[in-house]
Amino acid sequence: MKHDLQTVKRAINGDADAFEELLFKEEKILYYKALSYVGKKEDALDAIQETAYNAFLAIGQLRNPEYFSTWLFRILIRECYRLLRERDQIIPYEESELLKRLDRIYDKEIDSFHLNEALSKLNSSYQTSIILFYYHDLSIKDISEVMEKPVGTVKTNLRRAKKILKMELERSYQLNEKVT
């Protein structure tokens, strides 16, 4: 989301009202992104609260006001990962949305199960890359900034993750066809 640079600069200079205004503009997207990671309303709200607190404390360190949303999103993802580590869980995702984005046209119940299983086998970098690219529609450059990895690494992660997903889904469908 594009913000008024003057408002961001006021927030960087310590204006609490300007910071609050920026957060209100981001509240819906923060909620849905947090919910897609942690899976529970209460945990999503906790992640947003901690994100707002940490962002308020660190806003003075933001060097590029035009990247406020990306910076805030990065803080949110770190907070979601912290909550997930506490719960010792993997990143949840919305399977139906990923299925659409991956252009798979199969029976949704079977796909949901197979995709869930295939995604769970990916390492966290591959899984995060896939979720951010296909579910959140982030560009490779934005994913690079959020994950704090070079663009080339993100491209490699996406290519390898898609290859692994394809192999896993094909394997699970072959096994499913033998059983039925």
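Residues numbered from 1 in each chain as written. Predicted model: local features only at pLDDT ≥ 70, side-chain atom pairs only at ≥ 80, totals over all residues. Heavy atoms only, no water.

**Q** In this structure, what is going on with the overall build of the protein chain? I would like to understand it.
**A** Counting secondary structure elements, the protein chain contains 9 helices and 0 strands. Taken from N to C terminus, the helices and strands of the protein chain fall in the order α-α-α-α-α-α-α-α-α. Every one of the 180 residues in the protein chain was classed for burial, and the buried ones make up 43%. Accessible surface computed for the protein chain: about 10700 Å², of which carbon and sulfur atoms make up 51%. (Helix = DSSP H or I, 4+ residues; strand = E, 2+ residues; numbered from the N terminus. Buried < 20%, exposed > 50% of the residue type's maximum accessible area, 1.4 Å probe, protein only. Areas by Shrake-Rupley, 256 points an atom, 1.4 Å probe, with all protein chains shown as cover.)

**Q** Would you mind going over helix H2 (residues 16-38) with me for this structure?
**A** Residues separated by three or four positions in an α-helix point in the same direction, a consequence of the helix having 3.6 residues per turn. Here H2 spans only 28 Å end to end across 23 residues, well under the 33 Å set by a 1.5 Å rise per residue. A bend of about 55° at Glu26 is the largest found in H2. Three or more residues of H2 are buried, namely Ala18, Phe19, Leu22, Leu23, Glu26, Leu30, Lys33, Ala34, Ser36, Tyr37 and Val38. Those residues of H2 hidden inside the fold are in contact with helix H1 (5-12), helix H3 (41-58), helix H4 (68-87) and helix H7 (124-135). Sitting at the head of H2, Asp15 places a side-chain oxygen 3.0 Å from the backbone nitrogen of Asp17. Backbone geometry just after H2 places Gly39 at a positive phi near 85°. (Expected span 1.5 Å × (residues − 1). Bend = angle between axes of the 7 residues up to and from the residue. Contact = heavy atoms within 4.5 Å. Polar contact = N/O pair within 3.5 Å; in protein donor to acceptor, adjacent residues only side chain to side chain.)

**Q** What's the story with H7 in this structure? I'm lost.
**A** With 12 residues, H7 ought to run about 16 Å at 1.5 Å a step, and its terminal C-alpha atoms sit 15 Å apart, in line with that. At the exit of H7 stands Asp137, carrying a positive phi of roughly 55°.

**Q** Before we go on, may I ask you to explain the packing of aromatic side chains in this structure?
**A** Geometrically, a pair of aromatic rings is defined through the distance of the ring centres and the angle of the planes. Summed over the entire model, instances satisfying the criterion amount to 4 aromatic pairs. For the pair Tyr37 and Tyr81, a centre-to-centre distance of 6.2 Å together with 80° between the ring planes defines the contact as edge-to-face. Taken together, the residues Tyr37 in helix H2 and Tyr81 in helix H4 connect sequence positions 44 residues apart. On the basis of relative accessibility, which here comes to 1%, the residue Tyr37 falls in the buried class. Classification of Tyr81 as partly exposed rests on a relative accessible area of 23%. Ring centres of Phe68 and Trp71 lie 5.8 Å apart, and the angle between their planes is 40°; this geometry places the pair in the tilted category. Note that Phe68 and Trp71 are positioned in helix H4 at a spacing of 3 residues, about one turn of the helix. A single burial state applies to Phe68 and to Trp71, both of which are buried. Over the ring of Phe73 we find Lys33; its NZ or CZ atom is 4.0 Å from the centre of that ring. (Phe/Tyr/Trp six-rings, centres within 6.5 Å; stacked < 30°, edge-to-face > 60°. Lys NZ or Arg CZ within 6 Å of the ring centre and 35° of its normal.)

**Q** Hey, could you run me through the pattern of salt bridges in this one?
**A** Close approach of charged atoms allows side chains with opposite charge to pair. On inspection of all chains with the given rule, the structure shows 5 salt bridges. Residues Asp15 and Arg10 are paired through a salt bridge, measuring 3.2 Å at the closest nitrogen-oxygen approach. Since its relative accessible area comes to 25%, Asp15 is described here as partly exposed. Looking at Arg10, the relative accessible area reads 38%, which means it is partly exposed. Linking Arg74 and Glu148 is a salt bridge whose minimum nitrogen-to-oxygen distance equals 3.8 Å. Here Arg74 is found in helix H4, whereas its partner Glu148 is found in the loop between helix H8 (140-147) and helix H9 (151-179), with 74 residues between them in sequence. Residues joined by salt bridges that share partners form a network here, namely Arg74, Arg78 and Glu148. (Salt bridge = Lys/Arg side-chain N within 4 Å of Asp/Glu carboxyl O.)

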